[in-house]
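Examining the three-dimensional arrangement
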Amino acid sequence: DAKTTQPNSMESNEEEPVHLPCNHSTISGTDYIHWYRQLPSQGPEYVIHGLTSNVNNRMASLAIAEDRKSSTLILHRATLRDAAVYYCILRDRSDWAGANNLFFGTGTRLTVIP
Amino acid sequence: ETGVTQTPRHLVMGMTNKKSLKCEQHLGHNAMYWYKQSAKKPLELMFVYSLEERVENNSVPSRFSPECPNSSHLFLHLHTLQPEDSALYLCASSQEVGGSYEQYFGPGTRLTVT
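Presented here is an overview of the structure given in this document. Fair warning: this is a prediction, and the values are worked out from it, not measured in the lab.

Focus on the interface of chain B and chain A
Opposite the 24 residues of chain B that make contact, chain A presents 21 residues. Taken over both partners, the interface formed by chain B and chain A buries close to 1700 Å², and the fraction arising from carbon and sulfur atoms is 55%. Together, L43(B), G99(B) and S100(B) form the three largest contributors to the area buried by chain B at its contact with chain A, with a combined 26%. The tally of links from chain B across to chain A stands at zero salt bridges. Counting every contact that joins chain B to chain A gives five residue pairs in polar contact (both at pLDDT 80 or more). Of the residues assigned to the side of chain B that touches chain A, the class counts are 14 nonpolar, seven polar and three charged.

Observations regarding the state of the cysteines
Two cysteines form a disulfide when their sulfur atoms are joined by a covalent bond. In this structure the tally under the stated criterion is two disulfides over all chains. The residue that forms a disulfide with C22(A) is C88(A), at a sulfur-sulfur distance of 2.1 Å. Across the S-S bond of C22(A) and C88(A) the torsion is about -85 degrees, and the bridge reads as left-handed. Highlighted residues: C22(A) in strand β2 (residues 18–23) and C88(A) in strand β8 (residues 84–92), separated in sequence by 66 residues. You'll find C22(A) and C88(A) in the same group, each marked buried. Covalent S-S linkage joins C23(B) and C91(B), the inter-sulfur distance amounting to 1.9 Å. What sets the handedness of the C23(B) and C91(B) disulfide is the S-S torsion sign, and at about -70 degrees it is left-handed.

Observations concerning the packing of aromatic side chains
A ring pair, where both rings are aromatic, is described by two values, the distance of the centres and the angle of the planes. For the structure shown, the criterion picks out six aromatic pairs over all chains. An angle of 35 degrees between the planes, with centres 6.3 Å apart, marks the rings of Y33(B) and Y35(B) as tilted. Its relative accessible area of 0% is what places Y33(B) among the buried residues. Accessibility expressed as a relative area gives 0% for Y35(B), which makes it buried. With 5.4 Å between their ring centres and 40 degrees between their planes, Y35(B) and F105(B) make a pair best called tilted. Here the residue Y35(B) occupies a position in strand β4 (residues 31–37), and F105(B) occupies one in strand β10 (residues 104–105), the gap between them amounting to 70 residues. A residue is classified by how much of its surface remains accessible, and F105(B), at 12% relative accessible area, is buried. Feature note: the residues Y36(A), Y46(A), Y33(B), Y35(B), Y104(B) and F105(B) constitute an aromatic cluster, connected by ring pairs.

Overview of the pattern of salt bridges
Residue and element names in this part refer to chain B. What the rule picks out here adds up to four salt bridges over all chains. For R63, the salt bridge is made with D85, and the minimal N-O distance between the two is 2.7 Å. Residue R63 is found in the loop between β6 (53–57) and β7 (64–70), and its partner D85 is found in the loop between β8 (73–79) and β9 (87–94); the two are separated by 22 residues along the sequence. No difference in accessibility class separates R63 from D85, as the two residues are buried.

What counts, and where the lines are drawn
- Residues numbered from 1 in each chain as written.
- Chains lettered and ligands numbered in written order.
- Predicted model: local features only at pLDDT ≥ 70, side-chain atom pairs only at ≥ 80, totals over all residues.
- Heavy atoms only, no water.
- Contact = heavy atoms within 4.5 Å.
- Buried area = accessible area lost by both parts, 1.4 Å probe.
- Salt bridge = Lys/Arg side-chain N within 4 Å of Asp/Glu carboxyl O.
- Polar contact = N/O pair within 3.5 Å; in protein donor to acceptor, adjacent residues only side chain to side chain.
- Nonpolar A, V, L, I, M, F, W, Y, C, P; charged D, E, K, R; others polar.
- Disulfide = S-S within 2.5 Å.
- Helix = DSSP H or I, 4+ residues; strand = E, 2+ residues; numbered from the N terminus.
- Buried < 20%, exposed > 50% of the residue type's maximum accessible area, 1.4 Å probe, protein only.
- Phe/Tyr/Trp six-rings, centres within 6.5 Å; stacked < 30°, edge-to-face > 60°.

Encoded structure:
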C-alpha cells in the first residue's frame, strides 16, 4: 500500500470546524482513502472512506483532491469527544489479501480546546 | 450486543500459562482480523479470516494460534508467551476482505505477560 503523510498534531477550538490534511502523492488508481480514529484506551474507529468523489456521512466529510494526491477529513463542529489520533490510510481495492494490512502510521493527534 | 465485542478486556498471564482471547461480531460480516498494538508502535496485522478460512498470516510466532469456528467468532489461543508479547490485541471485522470495505474494531484485550 502507498504511504501517507499527516501532521503530527493539530488543535481546534470546540464547536469549530477542523480540517485534517493527508498527503498521498504515490496513490494508485485502485487505492481507497480510509480514515480511522483512535480515542485513548479504545480500539480504532472507522470514520469515512472514498475513492474519487467527496464523501459525507454522519461523522465527517472527506474531500479528495482532483489528482487524488491529497485529501482532507473535515469535522464540521469539533466536540471534546473528537479528541483522538486520526489515521489516513490507503487501501488497495484489487489486492484482496494484502489490502487488509491496515497499517496505521503515526497519525494526527487532534486536541480540542474547550 | 452490537458491533464487535472482545473478552476479556484485561488479561495478566505468566509465561507458562495458556489462555484464549475471544472476539464476536454482530454485524453479519464475512471477514475477521487480529491485530497487535504495542506501545508507541503502529498497528500490526496478525491474521485475516474470510468465511472461516485463514487468508493471511503475517509471520506471527506459533505461540499465537488463531481459530475461526464460524464467521461471527474468532479466537486467539496463547501459550508460552514472552514479556514482549504484552500489548493491546484488537479484533476487527469487515463485510468482505478487500480495500473497499471498512473495518470495525472491538475495544481490545490489554494483555500483560509476566
